[in-house]
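Reading the structure
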Amino acid sequence: MIRTQRLAAGVCALLAALASGIAFPAGAVADETTALAPKVDLVLDVSGSMRTKDMDGGTRMAAAKQAFNEVLDATPEEVQLGIRTLGATYPGDDRKTGCKDTAQLYPVGPLDRTEAKAAVATLSPTGWTPIGPALLKAADDLQGGEGSKRIVLISDGEDTCAPLDPCEVAREIAAKGIGLTIDTLGLVPNTKMRAQLSCIAEATGGTYTSVEHTDDLTDKVNQLVDRAADPVVTPVATEGGSSCPKAPTLKSGLYTDREEFGQQRWYRVDVDPGKELRASVSVAADRTMNPDYGLLVRAFTTHGREIVRGEAAGGGRTDVISTGLRYPKADSDDDDDAPAETVCLLVTNSFSAASGVKTTPGMPVELTVDVVDGPSQADDVASFGLGRGWWLLGALVLIGFLAGLVWGWLSRWRVAVWRTN
């Protein structure tokens, strides 16, 4: 009897140990997932000027609330999101008190949509515009973890709490090296506010966008929150050359550069026979641009002959413009040791800065280079030259010629029949 009880106790202890052993790794996995989760802190200006009615007939505050509610519904599950306010509680005239008026409305963490929406519904335009202090607190909100960190600042006015310059605050945050990006959205087309918000964004590698419609505000905030959830890939810094011989040689990977307005940059890529070059370029309009701009990427031989190109145009409604190209290098049947071909990539833009906007440093350029196995002769029309249009053009010419012959023969036959009758 005693042995039976001891055996049962041993079995129970063994099961408990196994259960504990299974539970601990699961907890460790959960902790690791949480540590890598992307974090976003939405920082909203709730100062008195947000009562102004110029956003599609409603107040700026009503537009912000609508945008926040739609963003909360669309936030990816893996994103830890928080909301911080500035100027939301103190209505008085004491500047010292007003410049401390920033509070965490909803803590950064797993999102309870109902609770977050209830918190947003309580907001009412009230006080000052302490952007600098709010950014410092928001950076503290995002401490910890190894995932991407992003602040999205939405304001309709300049900071009213100088000498704490929010641009200097952004530079201080960037200098900490915590990988935090600040994106700014301006609700008023004001030159001074635009300059300040642009400076804040540029200091951390973020973007500034002027938004004057409710739908645009919703779309832009959604875009920035989604961007935080994208896998973090660290690009390699490079500097394009002024000509192909002076250009850096790039391997497959992601690269970042800066390009002045109207400037062109050269890069080199070695493509072996039987391989295909795939290149894409994105330029971020990180400041206010004149509308109607374009981006062009072209591939050349080292002798200056253009091989293929990709181009894109923009009208000022997006902060990123992208294009790309493909170039399959035919395999060599005669020589297995045929050398690689050096392809010269030329990136050109037609951006121009709006009045009063700084032109330096250049705009952020992101270049993706991928050299992959080339297409097979059976399943990819690009390998037959159709990608460049020559075979298609020849086919159309031949079809047109044959159609003309048939039509001419039919016409002559009809005339002959008519004369006979």
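Heads up: the structure comes first, above all this text.
None of the values given here were measured: they were computed from a predicted structure.

What follows deals with the overall build of the protein chain. Summing up its helical and strand segments, the protein chain has nine helices and 17 strands in all. For the protein chain, with 421 residues in total, the buried portion stands at 42%. Sequence-distant contacts in the protein chain: of pairs separated by 6 or more residues, those separated by 24 or more amount to 75%. For the protein chain, the accessible area works out to roughly 22400 Å², and carbon and sulfur atoms hold 56% of it.

What the rule picks out here adds up to three disulfides. One disulfide in the model links Cys99 with Cys161; its S-S distance is 2.0 Å. Taking the sign of the S-S torsion, -100° for the link of Cys99 and Cys161, the bridge is left-handed. In this pair, Cys99 sits in the loop between helix H3 (95–98) and strand S5 (102–109) while Cys161 sits in the loop between strand S6 (149–155) and helix H6 (166–175), placing the two residues 62 residues apart along the sequence. Using a relative accessible area of 14% as the deciding quantity, one classes Cys99 as buried. A relative accessible area of 6% means that Cys161 is categorised as buried. Between the sulfur of Cys167 and that of Cys199 lies a disulfide, 1.6 Å long from S to S. What sets the handedness of the Cys167 and Cys199 disulfide is the S-S torsion sign, and at about -45° it is left-handed. Highlighted residues: Cys167 in helix H6 and Cys199 in helix H7 (residues 191–203), separated in sequence by 32 residues. By the burial criterion, Cys167 is buried, and Cys199 matches it.

Most peptide bonds take the trans configuration, and most residues that are not glycine carry a negative phi. For Asp56, which is not glycine, the phi torsion reads 55° and is therefore positive. Take Asp56: it is sitting in the loop between strand S2 (53–55) and strand S3 (58–59).

Right, let's talk about the pattern of salt bridges for a bit. Under the criterion given, the structure shown has 14 salt bridges. Between Lys117 and Asp73 there is a salt bridge, and its shortest N-O distance comes to 2.6 Å. Of the two residues, Lys117 is situated in helix H4 (residues 113–121) and Asp73 in helix H2 (residues 60–74); the sequence distance between them amounts to 44 residues. A relative accessible area of 26% places Lys117 in the partly exposed class. One salt bridge connects Arg84 with Asp141, and the closest N-O pair in it is separated by 2.7 Å. Here Arg84 is found in strand S4 (residues 80–86), whereas its partner Asp141 is found in helix H5 (residues 131–141), with 57 residues between them in sequence. You'll find Arg84 and Asp141 in the same group, each marked buried. Beyond isolated ion pairs, a larger network of salt bridges with shared partners links Asp54, Arg60 and Asp156.

Parameters at a glance
Residues numbered from 1 in each chain as written. Predicted model: local features only at pLDDT ≥ 70, side-chain atom pairs only at ≥ 80, totals over all residues. Heavy atoms only, no water. Helix = DSSP H or I, 4+ residues; strand = E, 2+ residues; numbered from the N terminus. Buried < 20%, exposed > 50% of the residue type's maximum accessible area, 1.4 Å probe, protein only. Contact = heavy atoms within 4.5 Å. Areas by Shrake-Rupley, 256 points an atom, 1.4 Å probe, with all protein chains shown as cover. Disulfide = S-S within 2.5 Å. Salt bridge = Lys/Arg side-chain N within 4 Å of Asp/Glu carboxyl O.

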